[in-house]
Structures are given as structure tokens and as C-alpha cells.
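Observations on the model geometry
Here is what each chain is made of, one letter per residue.
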Amino acid sequence: MAKGRVSIVVERCKACGFCVEFCPTHVLALSSAFNSKGYHPPHVVHPEKCSGCDLCGMYCPDFAIYGTKVAEPKLVKAAGGEK
Amino acid sequence: MLNIDDTVNPVEPFLRSDRMPHIWCPGCGIGTTVNSFARALIDSKIDLESLALVSGIGCTGRVAGYVKLDSFHTTHGRAIPFATGLKLANPKLNVVVYSGDGDLSAIGGNHLIHAARRNIDLKVICVNNLIYAMTGGQTAPTTPGHATTSTNPYGTFEPAFNLPHLVEAAGAVYVARWTTFHVRQLARSISEAFQKKGFSFIEVISPCPTLYQRRNKMGDGLDTMKYYKEKSKVKHGTPTSEVGLTLNGEIAVGKFVDRDRPDYQSMMRAQYVESLGERYIEEPEVECVCG
């Protein structure tokens, strides 16, 4: 279960590649698809590795990507506690 | 106050989203510095109603137009005089000057040293891309020796300004330098500067892939970020005389100066109380009535 999730605003991206290069867990890669300005935005290749650290969001000069922490699945824990 | 919602980019509440995408080139580091600035505002829990951002002319000057804060895009080089006026008229404001190296150290160089000398309570963020970027890549006072620019096609030969050294000598109380690679450190540094009373100066080395890096065959923005990662050394407290920049050389980063000096307004008050005594009556505070 991934601890985080990456959200990408494709149309803002200018394909500088900062997020792909500096993601600590190598979640991203530049895709072969184009956005409307003709850049190749990143896409998520290893969603399970994302830690939600938001370093991609701090590096992105175009405010086009950000990471968020995914809350731990609490239902499982609650079920474990009842046993 | 801001509601931090995890379904939008954390920097989004600080941006005028209708003006996006911005004009900065692919690989330019100015947007990255805005991210760090926004994170610093979140972390330091600054009241955005009491914050004003002033910028001059240039690529970095555009920041004033892209942030959803009380911001002012001033004439060339005059960001610091405008900010000084704001601060003197309304001392409760947190005034941030967000501008480039050309605007702050060349056209406004005079204002920079005198604001530091007077120790006016301003937070200056200087995005240094080592060149005049918006006007076509001319040699700036910060361009390191031997770099090729549009006005020095055979290489620059002028000695460059070492900005941390300049502002420390002039009297700044907080001097730090980071690169756009050091996003978290930069955010922390900006938060620290908000805690300081007096002239704080944070220099951020940023790539200009279109003009500086391309002419000097240093690759694109990403290559420059890798160079920053490889060649920058964190040297907190290093004497600023040793942190000058060279072409392709090591970049000393860190917090160089953190000291305390009375700021302009407390010196002014102390002087008037000393010479006028009872006759000195402080002006009542300015109240802005909105609506």
C-alpha cells in the first residue's frame, strides 16, 4: 500500500524533468504523450513507491505536481483492535 | 486563514491561478523558489493580511504578479525604496522584497546597501541567475568571470559582486545563500528570516537555461540542478569574503550571518527620545479601513 499519492496538472507542465530526477523513490518518468503546449508531462510509473513527501511539488517550477500523504487505512486497525 | 486542503497543490492558495501558466522558461528556477516561499509562509504561520510582497523588474519581478498576496510590482531597481516606505508607514507589516540580482544589486544596488546599512526590517529574497535574463542575457554585476554573455561574447572579465559579502559589510543581520536545489533548506531559511528583526538577505542561485546556461554550454535546467547538487557545499557561518561564485566552481551555501543589531525604527525612536525627551510623541498607528 502506497503511503502517498502524486497529482499532476498536465496542462501546466513544461517538462523540465526536476520531479522525475529528484523524486527520492523514483516514482515518476516523463511520458511520451504531449500536453496542449507540446511538452511531455511526467506520469506515475511506480505508484506503490510514493511516500507522499511532496518533494516533487517543492521542486516543480510550474506548480504542476504535488504529493500528498494517504491516510493509513484505519478500518483494518480497528478490526485488529477488537479481536 | 488558509485552509490547507490535500486535494489541491499546497502552493495553490498563494497563487493567482488565472494567470497560470507563467512566463518563466522550462527549467527556470524562479517557480521553485516560489514553492519554498509558500511553504515558509505555511510553516511560519504568518498572517497573510499583514504581509506585503514587493518586487522590481525582471524575470523574478514577475513574482509579485503571480502571488495572491498584497503585492506591488515596482519600477526598476526601486523595490527596496517602495518596501522601505511601506514599512515606515505601517511598521506592523511584514514586508518581503522578492527580486532578481540585476534589479537588486545593479539598478537598485544603491538602495540595497543603504537599506542594509540602516537595518530596515525587510526580508529580501534575491533570486540570482547570474545574468540579466529578461533583456537578453547581458553581463550583470553578478556574472562570474569568463562566462559568455550577449554583451561579452568573448567572456566577461569584470570582477563580480559577492552579494552575501556586500550586504554583510553594509550591515545585514541575516545573510544566507541557497540554490534552487535546496528547496527545504531555503524554506527553513525564509521562515527564520521572518523571525528576525532587521535587514535579512537570502540569495537563491537559480538556473537561467535560456540565456546563461545555453551560452555557456552548461546544459539545461536539469543539468544545472545536478551541478548544484554536486558542487554546492553547506558551510554555515563561513566568512562571506570566501563565498564568491566562480564559473563551474563550488557554490558555498548555508547561513552565513545571523546577528542582532537595532533596526531603523528602534534606532530612530531611541534617538528622538534621547534628544527630545518628553516632547517626542509617537505618531498614532496607521489604520487601513478597507471596504
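Just above sits the structure.
Residues numbered from 1 in each chain as written. Chains lettered and ligands numbered in written order. Predicted model: local features only at pLDDT ≥ 70, side-chain atom pairs only at ≥ 80, totals over all residues.

1. Some points on the overall build of chain A
- From N to C terminus, chain A includes three helices and four strands.
- For chain A, the α and β elements follow one another from N to C terminus as β-α-β-β-α-β-α.
- Out of the 83 residues belonging to chain A, those deemed buried represent 39%.
- For chain A, the proportion of contacts with a sequence separation of at least 24, taken over those separated by at least 6, is 58%. (Helix = DSSP H or I, 4+ residues; strand = E, 2+ residues; numbered from the N terminus. Buried ≥ 20, exposed ≤ 12 C-beta atoms within 10 Å, placed from the backbone. Contact = placed C-beta atoms within 7 Å.)

2. Describing the packing of helix α1 (residues 30–44) of chain B against helix α7 (residues 183–195) of chain B
Residue and element names in this part refer to chain B.
- Put simply, α1 and α7 touch, their axes get as near as 8 Å, and they point 50° apart. As far as their axial angle goes, α7 and α1 are oblique. For the crossing formed where α1 meets α7, the hand is right-handed. Facing Thr32, Thr33, Asn35, Ser36, Phe37, Arg39, Ala40, Asp43 and Ser44 of α1, the residues of α7 in contact are Val183, Leu186, Ala187, Ile190, Ser191 and Phe194.
- In terms of residue class, the contact of α1 with α7 is built from seven nonpolar, six polar and two charged. (Axes fitted to C-alpha atoms, helices over the stretch in contact; angles between N-to-C directions. Parallel < 35°, antiparallel > 145°, perpendicular 65-115°, else oblique. Left-handed = near helix turned anticlockwise from the far one by under 90°. Nonpolar A, V, L, I, M, F, W, Y, C, P; charged D, E, K, R; others polar.)

3. Quick word on the nonpolar core
- Core analysis: the biggest nonpolar cluster contains 97 residues, and Cys19 of chain A together with Val54, Val97, Leu122, Ile125, Cys126 and Phe201 of chain B have the highest contact counts within it.
- Broken down by element, this core gets its largest block of residues, six residues, from α1 of chain B. (Core = buried A, V, L, I, M, F, W, Y, C linked by C-beta atoms within 7 Å.)

4. Details of the environment of Cys208 of chain B
Residues and elements named next belong to chain B.
- Relative to the elements of secondary structure, Cys208 occurs in the loop between β6 (200–205) and α8 (209–215).
- Residue classification places Cys208 among the buried positions, given that 30 C-beta atoms sit within 10 Å.
- Measuring from C-alpha to C-alpha, the distance between Cys208 and Tyr154 comes to 19 Å, with 54 residues separating the pair along the chain.
- Excluding residues that lie within four positions of it along the chain, Cys208 makes contacts with Cys28, Asn129, Ile131, Ala133 and Gln213.

5. Section: the interface of chain A and chain B
- The interface is formed by 16 residues belonging to chain A together with 23 residues belonging to chain B.
- Among the elements of the structure, α1 (18–22), α2 (55–59) and β4 (65–69) of chain A are those that each provide at least two residues to the side of chain A that touches chain B.
- The biggest single contributor to the side of chain A that touches chain B is α2 of chain A, with three residues.
- When grouped by side-chain class, the residues that make up the side of chain A that touches chain B number nine nonpolar, three polar and four charged.

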